[in-house]
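# Structural description and commentary
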Amino acid sequence: MEALACLTGRRSVGRLVEPAPSDDELATLLQAAVAAPDHGRLRPWRFVVVDGPGLDRLGAAYAAAHAEREPGAGADAWAAARDKPRRAPLIVAVVARPTPARKVPDWEQLASAACAAYGICLAAHALGYGAMWRTGWYGDAPAVRELLGLADRETVAGWIYLGTVPDDCVPAPRPPADLGALVTRL
Ligand SMILES: Cc1cc2nc3c(=O)[nH]c(=O)nc-3n(C[C@H](O)[C@H](O)[C@H](O)COP(=O)(O)O)c2cc1C
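These figures come from a predicted structure and were not determined experimentally.

Thresholds, definitions, all that
- Residues numbered from 1 in each chain as written.
- Predicted model: local features only at pLDDT ≥ 70, side-chain atom pairs only at ≥ 80, totals over all residues.
- Heavy atoms only, no water.
- Near = heavy atom within 4 Å.
- Polar contact = N/O pair within 3.5 Å; in protein donor to acceptor, adjacent residues only side chain to side chain.
- Areas by Shrake-Rupley, 256 points an atom, 1.4 Å probe, with all protein chains shown as cover.
- Nonpolar A, V, L, I, M, F, W, Y, C, P; charged D, E, K, R; others polar.
- Helix = DSSP H or I, 4+ residues; strand = E, 2+ residues; numbered from the N terminus.
- Buried < 20%, exposed > 50% of the residue type's maximum accessible area, 1.4 Å probe, protein only.
- Contact = heavy atoms within 4.5 Å.
- Core = buried A, V, L, I, M, F, W, Y, C linked by side-chain atoms within 4.5 Å.
- Salt bridge = Lys/Arg side-chain N within 4 Å of Asp/Glu carboxyl O.
- Patch = residues over 30% accessible without salt bridge, like charges linked within 9 Å, V, L, I, M, F, W, Y side chains within 5 Å.
- Expected span 1.5 Å × (residues − 1).

This part covers the site of the ligand. Surrounding the ligand, one finds Arg-10, Arg-11, Ser-12, Met-132, Trp-133, Arg-134, Thr-135 and Arg-174. Trp-133 is positioned such that a nitrogen or oxygen atom in its backbone is 2.8 Å from an oxygen atom of the ligand. For the ligand, the accessible surface in isolation is 620 Å², of which the surrounding protein chains cover 55%. Across the shell around the ligand, the residue classes break down as 2 nonpolar, 2 polar and 4 charged.

So this is what it looks like as structure tokens:
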């Protein structure tokens, strides 16, 4: 895909189906991620690939987290939490891991992790797959953090859901951006 068409034509897709990117394609997505701008070459990110039974393990952790946070929510809510990872056949959790560095504040390292996440989304689009960047409080929940093996300073910058765009997918309309209102020139 032509680069500018990839940048301007990418859309998020909330429900993705099999097939997921192959292992080789996944490696390409991760190469795009690690090409993120990275001040000081700190590599302030790592990735957890979740697929197959891993999606169910993540779903179980989501359900446990939900039950702990909202004990009165009830079985339907916990089941909905458990099913969330099954919205795609593959998820890459982008883990931000800022290291204390005098020259490079944490926010720059988080920005680098965001670029890595976006790199995965763009590369997936370039390969003809759909992607959706999700976050939410589940990444902060002890059950989920333990499953991912997150250290104290690590956070989930994004759950990148990946897979094939279903034939009946209609992307939500994206309001046109008024560049005149967003851009000034000195
Ligand atoms: C850091 C970040 C977190 C996001 N988290 C969520 C989320 O948890 N759930 C969601 O529906 N969209 C989330 N989004 C927004 C979607 O990824 C997507 O950008 C949005 O639906 C607009 O669609 P588009 O990318 O096709 O313009 C997030 C975006 C960013 C940058």
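The next subject is the side chain of His-66. Looking at the element boundaries, His-66 is found in helix H3 (residues 53-69). Taking relative accessible area as the criterion, His-66 reaches 11% and is therefore assigned buried. Residues in contact with His-66, not counting those within four places in the same chain, are Ala-73, Ala-77, Trp-78, Ala-81, Trp-137 and Tyr-138.

Leu-58, Tyr-62, Ile-91, Val-144, Leu-148, Trp-159 and Tyr-161 are the most contacted members of the largest nonpolar core, which totals 22 residues. Among the secondary structure elements, those contributing two or more residues to this core are strand E1 (45-51), H3, strand E2 (90-96), helix H6 (142-148) and strand E4 (155-163). At 5 residues, the largest contribution of residues to this core is made by H3. Setting aside residues up to four positions removed in sequence, Tyr-62 forms contacts with Ala-81, Lys-84, Pro-85, Tyr-138, Val-144, Trp-159 and Tyr-161. Counting residues in each nonpolar core, the second largest holds 21 residues, with Ala-20, Leu-26, Val-92 and Ile-120 among its members.

Under the counting rule described, the total for this entry stands at 5 salt bridges. When the shortest N-O distance is used, the salt bridge between Asp-56 and Arg-86 registers 3.0 Å. On the criterion of sequence distance, the pair formed by Asp-56 in helix H3 and Arg-86 in the loop between helix H4 (75-83) and E2 is long-range, its members being 30 residues apart. Using a relative accessible area of 45% as the deciding quantity, one classes Asp-56 as partly exposed.

Cis geometry is found at the peptide bond from Glu-18 to Pro-19, where omega equals -5 degrees. Residue placement: Pro-19 occurs in the loop between helix H1 (3-9) and helix H2 (23-33). A positive phi is found at Arg-41, a non-glycine position, where the angle reads about 45 degrees. Relative to the helices and strands, Arg-41 resides in the loop between H2 and E1.

With that settled, consider a nonpolar patch on the surface. Taken together, Leu-4, Leu-7, Tyr-118 and Trp-133 make up a surface patch of nonpolar side chains, about 380 Å² in accessible area. When you line up the elements, Tyr-118 lands in helix H5 (residues 106-126).

Mapped onto the secondary structure, Pro-89 falls in the loop between H4 and E2. C-alpha separation for the pair Pro-89 and Asp-51, spaced 38 residues apart in sequence, amounts to 6.1 Å.

Okay, H3 next. Given 3.6 residues to a turn, an α-helix orients residues that are three or four positions apart in the same direction. Relative to the 24 Å expected for 17 residues at 1.5 Å per residue, H3 spans 24 Å between its end C-alpha atoms, a close match to the ideal helical length. Tucked into the core, H3 has its buried residues touching E1, H4, E2, H6 and E4.

This brings us to the side chain of Ser-112. Tracing the sequence through the fold places Ser-112 in helix H5. Overall, Ser-112 belongs to the buried group, its relative accessible area being 3%. If near-sequence neighbours (up to four positions away) are discounted, Ser-112 is found in contact with Ala-36, Pro-37, Asp-38, Pro-44 and Trp-45.

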